[in-house]
Amino acid sequence: MFTMRSFAAGIPDPTSASVLGMPLWLWVVIGGIALFGAFQAYYWIGRKLGPRLYATRVGRRISQDAIRRVENAVSRWGALAVYGCFWVPGLRHTLPWAAGVLRVSYPWYVVASALGCLTWVPVTSFGLYSLLWGWLKLAAESPLLAGAGLVVVAVAVLLFVRHRRSARRARDEVPVA
């Protein structure tokens, strides 16, 4: 007979997960606070430097086309773009600078960055933690299958990067008339 007690015994206690001896939930809280602090620093540095930011070493590493795209997103969507940038790799740490340069309303920026931290940090922390431990468990049971999984992921990433680069080259090519 199946009982609730036998089912619950097979599920690990989520509060028992730890990294380097510190509970995972505490890492998530600290990570969220640190990311929120970084977002505030990015905004105020961008606001203080203004357009001069783009002449700095960091600003020179970003193409002018990328800067224009980020500024267009911030101009069009405002604080909503700040929230959305959490979910787009590459924008997460570039868009807040542009939000400062463009002087997005700071109260709305704080709300958007707080909501971004409150949603993105736990999802990625627990998701990545689950992925890592799931892969380690698979590797312990079947190293060959775990290795094959890594190869599949590496090939998928490689194909994705090649596709993006070729699409970017095709878009940037200007036909000669």
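Here the residue index of a chain counts from 1 through its sequence in written order. Selection of residues for local features in this predicted model requires a pLDDT of at least 70, selection of side-chain atom pairs for listing and counting requires 80 or more, and totals for whole chains, interfaces and linings are taken over all residues. No hydrogens and no water enter the side-chain calculation; it runs on all heavy atoms of the structure.

> Could you give me a rundown of the overall build of the protein, with the residues and numbers involved?
Helix numbers and strand numbers start at the N terminus; a helix is a DSSP run of H or I with at least 4 residues, a strand a run of E with at least 2. Each helix and strand counted, the protein has 8 helices and 2 strands in total. The contact definition used throughout considers only heavy atoms, calling two residues in contact when any of these lie within 4.5 Å. When contacts within the protein are restricted to residue pairs at least 6 apart in sequence, those whose partners lie at least 24 apart make up 74%. Shrake-Rupley sampling with a 1.4 Å probe provides the accessible areas, and residues are treated as covered by the protein chains on show and by no other component. Approximately 12700 Å² of the protein is accessible, and the part contributed by carbon and sulfur atoms is 71%.

> Now, about the side chain of Glu 71: what can you tell me, with residues and values included?
In this structure, Glu 71 sits in helix H4 (residues 64-77). Type-normalised accessible area, obtained with a 1.4 Å probe on protein chains alone, sets the label of each residue: buried when under 20%, exposed when over 50%, and partly exposed for intermediate values. Asp and Glu count as negative and Lys and Arg as positive, but His and the ends of the chain are not part of the count. The working definition used for a salt bridge is a side-chain nitrogen of Lys or Arg within 4 Å of a carboxyl oxygen of Asp or Glu. Here Glu 71 occupies a buried position and makes no salt bridge, while the nearest side chain of opposite charge, Arg 68, is found at 7.6 Å. For Glu 71, the residues in contact, after removing those within four places along its chain, are Tyr 54, Ala 98, Val 101 and Leu 102.

> Just give me the short version of the packing of aromatic side chains, but keep the residues and values in it.
Note on aromatic pairs: the rings of Phe, Tyr and Trp (six-membered ring only in Trp) are paired at centre separations within 6.5 Å, and the planes decide the class, stacked below 30 degrees, edge-to-face beyond 60, tilted for the rest. Tallying each qualifying case throughout the model produces 9 aromatic pairs. Ring geometry for Tyr 43 versus Trp 44: centroids 5.2 Å apart, planes at 85 degrees, classification edge-to-face. Residues Tyr 43 and Tyr 106 carry aromatic rings whose centres are separated by 5.1 Å and whose planes lie at 40 degrees to one another, so their mutual orientation is tilted. In this pair, Tyr 43 is assigned in helix H2 (residues 24-49) and Tyr 106 in helix H7 (residues 106-141), connecting sequence segments 63 residues apart. Its relative accessible area of 25% is what places Tyr 106 among the partly exposed residues. Through a chain of ring-to-ring contacts, three or more aromatic side chains come together here, namely Phe 39, Tyr 42, Phe 86, Trp 97 and Trp 120.

> Describe H2, and please don't skip the residues or the numbers.
For H2, built from 26 residues, the straight-helix expectation of 38 Å at 1.5 Å per residue is met to within 8% by its first-to-last C-alpha distance of 37 Å. If you check which residues of H2 are buried, you get Leu 24, Val 28, Gly 32, Leu 35, Phe 39, Gln 40, Tyr 42, Tyr 43 and Gly 46. Count one or two residues on from H2 and you reach Gly 50, which has phi positive near 60 degrees. What a helix should span is 1.5 Å times the count of its residues minus one.

> Let's hear about a positive patch on the surface: which residues, and what values?
A grouping of Arg 164, Arg 165, Arg 168 and Arg 169 is seen on the molecular surface, where their side chains present a positively charged patch. Relative to the assigned elements, Arg 168 resides in helix H8 (residues 143-172). For Arg 168, a relative accessible area of 38% puts it in the partly exposed group. Patches here are clusters of residues that have more than 30% relative accessible area and form no salt bridge, with a 9 Å joining cutoff for like charges and a 5 Å cutoff for nonpolar side chains (Val, Leu, Ile, Met, Phe, Trp, Tyr). Lysine's charge is taken at NZ, arginine's at CZ, aspartate's at CG and glutamate's at CD.

> Please provide a residue-by-residue account of the confidence of the model for the protein, values included.
Per-residue confidence from the predictor is reported as pLDDT, which spans 0 to 100. With 87% of its residues at a pLDDT of 70 or more, the protein shows a mean pLDDT of 83. Mean pLDDT across the secondary structure elements of the protein bottoms out at helix H1 (residues 4-9), with 50, and peaks at H2, with 91.

> Before we move on, could you go through the side chain of Gln 40 and cite the residues and values that matter?
Along the chain, Gln 40 turns up in helix H2. Residues contacting Gln 40, with those up to four places away along its chain left out, are Tyr 106, Tyr 109, Val 110 and Ser 113.

> Give a description of H4 that names residues and reports values.
Taking 1.5 Å as the rise per residue, H4 with 14 residues should run 20 Å; its terminal C-alpha atoms sit 20 Å apart, in good agreement. For H4, the elements touching its buried residues are helix H3 (57-61), helix H5 (79-85) and helix H6 (95-101). A positive backbone phi angle near 60 degrees is found at Gly 78, which sits one or two residues after H4.

> Tell me about the environment of Tyr 106, residues and numbers included.
Measuring from C-alpha to C-alpha, the distance between Tyr 106 and Tyr 43 comes to 8.6 Å, with 63 residues separating the pair along the chain. In this structure, Tyr 106 is in contact with Gln 40, Tyr 43 and Trp 44, ignoring residues within four places of it in sequence. In terms of polar contacts, Tyr 106 uses its side chain to reach the side chain of Trp 44, at 3.4 Å. Within 3.5 Å is the distance limit for a polar contact, defined as a pair of N or O atoms, with the added protein rule that one can donate a hydrogen and the other accept it, and that residues adjacent in sequence qualify only through two side-chain atoms.

> Can you break down a nonpolar patch on the surface residue by residue, with the values?
On the surface, Leu 132, Trp 133, Trp 135, Leu 136 and Leu 150 cluster together to form a nonpolar patch covering roughly 470 Å² of accessible area. The biggest single contributor to the nonpolar patch is H7, with 4 residues. Looking at where Trp 133 falls in the secondary structure, it is placed in helix H7. Residue Trp 133 is classed as partly exposed on the basis of its relative accessible area, which comes to 45%.

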